[in-house]
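# Descriptive structure summary
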Amino acid sequence: MKALNRIIEQARKAPGRIALSEGDDARVLTAAVRATQQGIARIILVGSRANAEALAAKEGLPLDGIDFVDPTDSPLMPELTDALFELRRHKGMTREQAAEQAAQPLICANLLVKAGHADGTVSGAVHTTGDVVRAAIQILGVKPGFKLISSFFLMMMCEPFHSLKGGLIFSDCGLVVDPNAEELSEIAMAAADSARDLLMEEPRVAMLSFSTRGSARHAAVDKVVEAARRVKAQRPGMAIDEDVQLDAAIVAEIANRKLPDSQVKGNANVLIFPNLEAGNIGYKLAERVGGAVAIGPLMQGLSLPANDLSRGCSAEDVFHVIAVTVVQGHSAAAAKA
Ligand SMILES: CC(C)(COP(=O)(O)OP(=O)(O)OC[C@H]1O[C@@H](n2cnc3c(N)ncnc32)[C@H](O)[C@@H]1OP(=O)(O)O)[C@@H](O)C(=O)NCCC(=O)NCCS
Ligand SMILES: CC(=O)OP(=O)(O)O
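To start, this report covers the structure provided alongside it. Everything numeric here is computed off the predicted structure, so don't read it as measured data. (Residues numbered from 1 in each chain as written. Chains lettered and ligands numbered in written order. Predicted model: local features only at pLDDT ≥ 70, side-chain atom pairs only at ≥ 80, totals over all residues. Heavy atoms only, no water.)

## Digging into the overall build of the protein chain
A tally of helices and strands in the protein chain yields 13 helices and eleven strands. Since a compact globule built from 337 residues should have a radius of gyration of about 20 Å, the 20 Å found for the protein chain is in line with a globular shape. Each principal axis of the C-alpha atoms in the protein chain carries an extent, and together these give about 65 × 50 × 35 Å. Within the protein chain, buried positions represent 53% of all 337 residues. (Helix = DSSP H or I, 4+ residues; strand = E, 2+ residues; numbered from the N terminus. Rg over C-alpha atoms; globule rule 2.2 N^0.38 Å. Buried < 20%, exposed > 50% of the residue type's maximum accessible area, 1.4 Å probe, protein only.)

If you want it as structure tokens, here you go:
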């Protein structure tokens, strides 16, 4: 798992402060302890300290080196409440409502990132994607140059039986339900940036469809072609295949046959799905049938790092997402400097 090991090493070199809002879940607590022991992050558990300590005692997990922000007694709460009130008062939020919401661990963890007390946050082992994303959108917002927040998975194919080996970006498999052409182009460009940041490779983007270069005619194909056209206009020089089927995107022989003038040549490292149905089903198939390790959903287009998890995640998955969040924090800090 070269790409993943490199990400973990990058995190270890400059461990970021990661706020976890689900410390009363055994998988999250196990990952928090492992991340602390391996020196990849300085963990802040947000929520009931008593609950986390009770779970740690039951699971035999040492909490040394882990910080706590318990909204029931944290001295940070007035500052975080003010921050939330300022962010949401234009939507009619009162100060009382802000205080109540800031005390919810998921909201509190995002506020810690916004206020600079943490470098990133990870949730979603318990909360749904909708809740996790809504908190991040409302509190952290989009980064300059983007209008849309979307998500991607870092998919690792490292088993001996994998003919395609290494890391791939799959997007969007978690967030934008039915993107139009403009939104799909933004997803593709954000995913290309994610490939540079995390795979440290030049992006080779496949705009997936049930058609390869017009082999099928349908409005759904037109949308993908239009999205690719927009990406090409904004990122000239980036390798991209428009309306390409999955086999032609990842198998060189099939690309040769179906798309002889392909830019990606069956060697895509960024797969862009036309909608969330295809993306969510596609990543779960690769993970559960194909034996890939699925890290995510990781968010892209946010001003600061906040990431989601599948509720079906393992402690190992949470550990990996913590490592990625630390590295995204490095990129966010570099962009700010
Ligand atoms: C992410 C999601 C929750 C947002 O939906 P929502 O809360 O209903 O959002 P709304 O459409 O009501 O918009 C609320 C606000 O967020 C903004 N927003 C919503 N989605 C956004 C996005 N992807 N990027 C940027 N802003 C977004 C809206 O512009 C709106 O802003 P405003 O309050 O300033 O007007 C929704 O897209 C969703 O449920 N996606 C599917 C998640 C899922 O179930 N995935 C499968 C498992 S991974
Ligand atoms: C990403 C995803 O599908 O999340 P969940 O399994 O929690 O719905």
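## Regarding the site of ligand 1
Taken together, 14 residues surround ligand 1, and among them Lys91, Arg134, Ile149, Gly174 and Leu175 come closest. Contacts to ligand 1 include Leu175, whose backbone N or O atom sits 2.9 Å from a nitrogen atom. In the complex, the protein chains occlude 53% of the 930 Å² of accessible area that ligand 1 would expose alone. At the level of secondary structure, the elements contributing two or more residues to the shell around ligand 1 comprise helix H7 (129-139) and helix H12 (276-288). Broken down by element, the residue count for the shell around ligand 1 peaks at five residues, all from H7. Here the shell around ligand 1 is composed, by residue class, of seven nonpolar, four polar and three charged. (Near = heavy atom within 4 Å. Polar contact = N/O pair within 3.5 Å; in protein donor to acceptor, adjacent residues only side chain to side chain. Areas by Shrake-Rupley, 256 points an atom, 1.4 Å probe, with all protein chains shown as cover. Nonpolar A, V, L, I, M, F, W, Y, C, P; charged D, E, K, R; others polar.)

## Structural notes on the nonpolar core
Generally speaking, nonpolar side chains in soluble globular proteins are found buried as a group. With 93 residues, the main nonpolar core has Ile43, Met207 and Ile322 as its most contacted residues. Every residue in contact with Ile322, bar those within four places of it in the chain, is listed here: Ile18, Leu20, Ala31, Ala32, Ala35, Ile40, Ala41, Ile43 and Val122. (Core = buried A, V, L, I, M, F, W, Y, C linked by side-chain atoms within 4.5 Å. Contact = heavy atoms within 4.5 Å.)

## Details of the pairing of strand E10 (residues 293-300)
Burial analysis of E10 places seven of its eight residues in the buried class, which makes it a mostly covered element. The sheet contact formed by strand E5 (residues 150-157) and E10 spans six bridges and is antiparallel. Looking at the pairing, Met155 lines up with Ala294 of E10. (Pairing = 2+ DSSP bridges.)

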